[in-house]
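Chain residues, written in single-letter form:
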Amino acid sequence: MTAPLRPGDPTTVNVALGERSYDIVIGRGVMASLGARACALKPGAKAAIVTDDVVARLHLEAAEAALAAGGMPTSRVVVGAGEGAKSFLGLERVCEALIAARLERGDLVVALGGGVVGDLAGFAAAVVRRGLDHIQVPTTLLAQVDSSVGGKTAINSSHGKNLIGAFHQPSLVVADTAALDTLPQRQFRAGYAEVVKYGLLADAGFFAWLDANVKDVFAGGAAREHAIATCCRMKAAIVARDERESGDRALLNLGHTFGHALEAAAGFSDRLLHGEAVALGMALAAEFSARLGVLAPHKVARAIGHLAGAGLPVRLDEVPGGTPDADRLMDLMAQDKKVKRGKLTFILLRDIGQAYIAPDIDPAPLRAFLVEKLKQP
């Protein structure tokens, strides 16, 4: 976290997974190096770029030009923007397009976009021809700091978020921070929730740095790149220790048990973006931690105050269209991937920067907590 800010100097973070290790390249303008890097990984290969119709208008030509400059032929697969693409139908369309493009096992899938595209393209790469290598080129803040790193790929089920998927690590992540210049402010704020998450779960110093530098992170430049690189270093270290979430990688789900339930209740729609749901989930996790007596109330206020100050939702009444009752939320949380033998597991906080895994949460006080929060104006 204390590494000096170096404007304009790309940063490389390695995800150490033995023979499957890969680099995350972070910096302004690094998209131009995509072709050279892809060709170094896969000489003689061709690539299919999977993107959505919004990102295609903004960045597809640059990605194609970069790959062409490296000598790599490309085809394109364009899906509709939004969480609705992460469905069986969306997966089928992408898989069939990759097969129609005659991608072979030695070729590449390039995921160009935010978390939806990264999840969808990565999952398609995991299953087409029993596995193709892929490169993540994240174009949103949320994807650059979180979803593009670590190999989690998935589509949604009617029962919940990301319930159908596979672990499939990328061969490379190229995070061009210039792409964030085109990001709507609401999307950037939603991505910032995942930045805050890293400070809350394991790095009080980073959280304090964000407190002091939040305006500069939103403004761009060296502070933004520093925040992205810090998050990537933290995630890379956790993934290297626990690739398949059998231990402390679960800490990265801080706010997600509440958040995923709220996303499902909102129909995986633009009513509630993923990062907004995570922000709400972290606020609820902090308050529930205090309810259990493990987090001091002033620490709750500090965490929630930072999220609210960044323009993120922290109360259930801030969800457009409202939220379902406590029983429905409990049903949705029962489908969480961390549930073991039917017992709810939450990621909670002992302090700023000290998250912990709380297994076998008693549903009665949890339901009572939700009932209270749903009644608050």
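Relevant structure appears above.
The numbers attached to residues start from 1 for each chain and follow its sequence in the written order. Thresholds applied to this predicted model are a pLDDT of at least 70 for local features of residues and 80 or more for the giving and counting of side-chain atom pairs; totals over whole chains, interfaces and linings are not thresholded and use all residues. Side-chain numbers here rest on the full set of heavy atoms in the structure, without hydrogens or water.

Trainee: Report on the overall build of the protein, specifying residues and quantitative values.
Mentor: A run of DSSP states H or I qualifies as a helix once it reaches four residues; a run of E qualifies as a strand once it reaches two. Both are numbered from the N-terminal end. The helix and strand tally for the protein stands at 13 helices and 11 strands. A compact globule built from 377 residues should have a C-alpha radius of gyration of about 21 Å, and the protein, at 20 Å, falls within 12% of that. Oriented by its inertia axes, the alpha-carbon framework of the protein measures out at about 60 × 45 × 40 Å. The buried share of the protein, taken over its 377 residues, is 57%. Computed by Shrake-Rupley with a 1.4 Å probe, the accessible areas treat only the displayed protein chains as cover when residues are assessed. Entry remark: accessible area of the protein is about 15,000 Å², with carbon and sulfur atoms responsible for 52%. Neither His nor the chain ends is counted toward charge; the positive residues are Lys and Arg and the negative residues Asp and Glu. Note that the charge is assigned to NZ on lysines, CZ on arginines, CG on aspartates and CD on glutamates. Of the charged side chains in the protein, 41 are positive and 40 negative; the average position of the first set lies 2 Å away from that of the second. We take the radius of gyration over the C-alpha atoms and set the globule estimate at 2.2 Å times the residue count to the 0.38 power. In this scheme, a residue with accessible area under 20% of its type's maximum is buried, one over 50% is exposed, and one in between is partly exposed, where area comes from a 1.4 Å probe on protein chains only.

Trainee: An account of the sheet that holds strand β3 (residues 47-52) is requested, with residue identities and associated values reported.
Mentor: Within the open sheet, the 7 strands sit side by side as β1-β2-β9-β6-β5-β3-β4. Their pairing is mixed. Edge positions in the open sheet fall to β1 (11-15) and β4 (74-79), since each of these has one partner strand only. If you compare each strand with its neighbour and ignore which way they point, the axes differ by 20 degrees on average. Note: two strands are recorded as paired if DSSP finds a minimum of 2 bridges between them. For strand β2 (residues 22-27) and strand β9 (residues 172-176), the ladder comprises 4 bridges, and the chain directions are parallel. Following the sheet pairing, Ile24 is matched in β9 by Val173. Contacts from helix α8 (residues 222-241) reach β1 and β2 within the one sheet, and its direction differs from that of β1 by about 15 degrees. The axes used here are C-alpha line fits, helices contributing only the stretch in contact, and every angle between their N-to-C directions lies in the interval 0 to 180 degrees. Any pair of residues with heavy atoms lying within 4.5 Å of one another is described as a contacting pair.

Trainee: Run through the side chain of Ser148, naming residues and quoting values.
Mentor: By secondary structure assignment, the location of Ser148 is in the loop between α5 (141-147) and β7 (152-157). One polar contact links the side chain of Ser148 to the main-chain carbonyl oxygen of Ala143, over a distance of 2.7 Å. Aside from chain neighbours lying at most four places away, what touches Ser148 is Gln136, Pro138, Ala143, Pro170 and Val173. Residues adjacent in sequence count toward polar contacts only when both atoms are side-chain atoms; beyond that, a polar contact is any pair of N or O atoms within 3.5 Å, and within protein one must be able to donate a hydrogen and the other to accept it.

Trainee: Which residues make up the pattern of salt bridges, and what values do they have?
Mentor: When a carboxyl oxygen of Asp or Glu is within 4 Å of a side-chain nitrogen of Lys or Arg, the pair counts as a salt bridge. Evaluation of the coordinates by the stated rule reveals 22 salt bridges. Salt-bridge contacts for Asp146 lead to Lys235; the nearest nitrogen and oxygen are separated by 3.6 Å. One end of the pair, Asp146, is in helix α5; the other, Lys235, is in helix α8, and 89 residues separate them in sequence. The salt bridge partner of Arg291 is Glu372, with a shortest N-O separation of 2.8 Å. Note that Arg291 is positioned in helix α10 (residues 274-291) and Glu372 in helix α13 (residues 363-375), a separation of 81 residues in sequence. What makes Glu372 partly exposed here is its relative accessible area of 32%. Salt bridges linked by common partners bring Glu83, Lys86, Asp119, Lys161 and Glu263 together as one network.

Trainee: Give a description of the pairing of β7 that names residues and reports values.
Mentor: The element β7 is largely enclosed, with a buried count of 5 among its 6 residues. With 5 bridges joining them, β7 and strand β8 (residues 160-167) adopt antiparallel strand pairing. Within β8, the position partnered with Ala154 by the bridge is Gly165. The antiparallel hairpin formed by β7 and β8 contains 2 residues in its connecting segment.

Trainee: How would you explain α13 if you had to name every residue and give the values?
Mentor: One less than the residue count of a helix, multiplied by 1.5 Å, gives the span that helix is expected to have. For α13, with 13 residues, the first-to-last C-alpha span of 18 Å sits near the 18 Å given by 1.5 Å per residue. Residues of α13 that are buried: Leu366, Phe369, Leu370 and Lys373. Down the axis of α13, the buried set is contained in an arc of 100 degrees. They therefore lie on one face. The elements touched by buried residues of α13 are α9 (256-265), α10, α12 (326-333), β10 (344-351) and β11 (354-361). You can read the cap of α13 off the contacts: a side-chain oxygen lies 3.0 Å from the backbone nitrogen of Ala364, and it is on Asp362. For this quantity, the arc is that covered by the directions from the helix axis to the C-beta atoms.

Trainee: Can you lay out the packing of helix α1 (residues 34-41) against helix α2 (residues 53-69) for me, pointing to particular residues and giving the numbers?
Mentor: Running from amino to carboxyl end, α1 crosses α2 at an angle of 50 degrees, the nearest separation of the two axes being 6 Å. In terms of orientation, α1 and α2 fall into the oblique class. Two packed elements cross with a definite hand, and for α1 against α2 that hand is right-handed. Across from Leu34, Gly35 and Ala38 in α1, the residues of α2 making contact are Ala63, Ala66 and Leu67. Grouping the constituent residues of the contact of α1 with α2 by class yields 5 nonpolar, 1 polar and no charged. Orientation categories follow fixed angle ranges, with anything under 35 degrees roughly parallel, anything over 145 roughly antiparallel, 65 to 115 roughly perpendicular, and all other angles oblique. In a left-handed crossing the near helix is turned counterclockwise from the far helix by less than a right angle, and in a right-handed crossing that turn is clockwise. Classification convention: Asp, Glu, Lys, Arg as charged; Ala, Val, Leu, Ile, Met, Phe, Trp, Tyr, Cys, Pro as nonpolar; all other residues, Gly among them, as polar.

Spatial relationships are all this shows, so hold off on functional conclusions.
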